[in-house]
Amino acid sequence: MSIDSSRVAENAGGHRMANILTLVVAILFIAGIIFYGTRGARSARQSAVKVGAIGTLSTEGLNNKMAPDFELSSLDGKKVKLSDYRGKAVVLNFWATWCGPCKIEMPWFVALENQYRAQGLEIIGVSMDDSGKDGVEKFAQQMGLNYTVVMGKDSVGEAYGGVEGLPTTFYIGRDGKVIDSVSGLISKSEIEDNIKKALATSATAKS
């Protein structure tokens, strides 16, 4: 009788230990799912911002303020200074060759440049690539870009709020003030509406 009781006690103890081990494994498994799921969601959000988010992010810090001036080199080696375009409406588009949404909107910019150039529109594409001018120039030729393309610098991106997402576009009036800004891909009609607003502004004396 005592032997049977000992066996029962041993079996009960073994079952308890097995249950505890099973519970520990389950807790660790669930914790792992939560950890990797959270990290994956964070990575996905970061990718959406860096690679090109579809939609809009906040870029309103410069709205109704003077667009920061800069001087950058174009693909043909000329110096491009933003303040030299005072009196014209400027679309300042930050982009990169690896940005998918950027490739979608580029043909729209080509068409809008043709349509509104005579009215005083200037589109400036600021390449944020690290691959060098040759790669950007080849890409611009393949895309048939008919507007000015310059090689960007981190300092210029920082002056425009950090440019956390690509594409990021600033619409600048004839007076040099930012009338609107968008980070992410929007429709051609929305881009055109912003261009019309920029063209409708009045120029002031160039400082």
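Bear in mind the structure is a predicted one, so any value in this text is a computation, not a measurement.

Undergrad: Is there a simple way to explain the overall build of the protein chain in this structure?
TA: Secondary structure assignment for the protein chain yields five helices and seven strands. Ordering the α and β elements of the protein chain from the N terminus gives α-β-β-β-α-β-α-β-α-β-β-α. Burial status across the protein chain gives 40% buried among its 207 residues. For the protein chain, the proportion of contacts with a sequence separation of at least 24, taken over those separated by at least 6, is 76%.

Undergrad: I would appreciate a short explanation of the pattern of salt bridges in the present structure.
TA: Side chains carrying opposite charge are able to pair once their charged atoms draw close together. One pass over the structure, following the stated rule, counts three salt bridges. As a salt-bridge pair, E113 and R117 come within 3.3 Å of each other at their nearest N and O atoms. Overall, R117 belongs to the partly exposed group, its relative accessible area being 38%.

Undergrad: Sorry if this is basic, but what is going on with unusual backbone geometry here?
TA: Apart from glycine, the bulk of residues carry a negative phi angle, and the bulk of peptide bonds sit in the trans form. Along the chain, L166 connects to P167 via a cis peptide bond; the corresponding omega equals 0 degrees. Summarising the element assignment, P167 is placed in the loop between α4 (154-159) and β6 (168-172). One non-glycine residue with positive phi stands out, namely V163, at about 45 degrees. Examined against the element boundaries, V163 turns out to sit in the loop between α4 and β6. Note on V163: relative accessible area 13%, which makes it buried.

Undergrad: Mind showing me how you'd approach the pairing of strand β7 (residues 178-183) here?
TA: Two faces, one strand: in a regular strand the side chains alternate between the faces of the sheet. Both β6 and β7 contribute to a ladder of five bridges, which runs antiparallel. Residue pairing for β7: I172 is matched across the bridge by V178. Where β6 folds back onto β7 in an antiparallel hairpin, the turn is made up of five residues, including G176, whose phi is positive at roughly 90 degrees.

Undergrad: I would appreciate a short explanation of helix α3 (residues 133-143) in the present structure.
TA: Residues spaced three or four apart along an α-helix point in a common direction, a consequence of the helix completing one turn every 3.6 residues. Turning to α3, its buried residues are V136, F139 and A140. For α3, the arc enclosing every buried residue in end-on projection is 100 degrees, short of the 170-degree limit, so these residues lie on one face. Among the exposed residues of α3, those pointing more than 90 degrees away from its buried face are D134, K138, Q141 and Q142. Buried residues belonging to α3 abut β3 (89-95), α2 (100-116), β4 (121-127) and β5 (148-151). Just downstream of α3 lies G144, where phi reads positive at about 70 degrees.

About the thresholds
Residues numbered from 1 in each chain as written. Predicted model: local features only at pLDDT ≥ 70, side-chain atom pairs only at ≥ 80, totals over all residues. Heavy atoms only, no water. Helix = DSSP H or I, 4+ residues; strand = E, 2+ residues; numbered from the N terminus. Buried < 20%, exposed > 50% of the residue type's maximum accessible area, 1.4 Å probe, protein only. Contact = heavy atoms within 4.5 Å. Salt bridge = Lys/Arg side-chain N within 4 Å of Asp/Glu carboxyl O. Pairing = 2+ DSSP bridges. Arc of directions from axis to C-beta.

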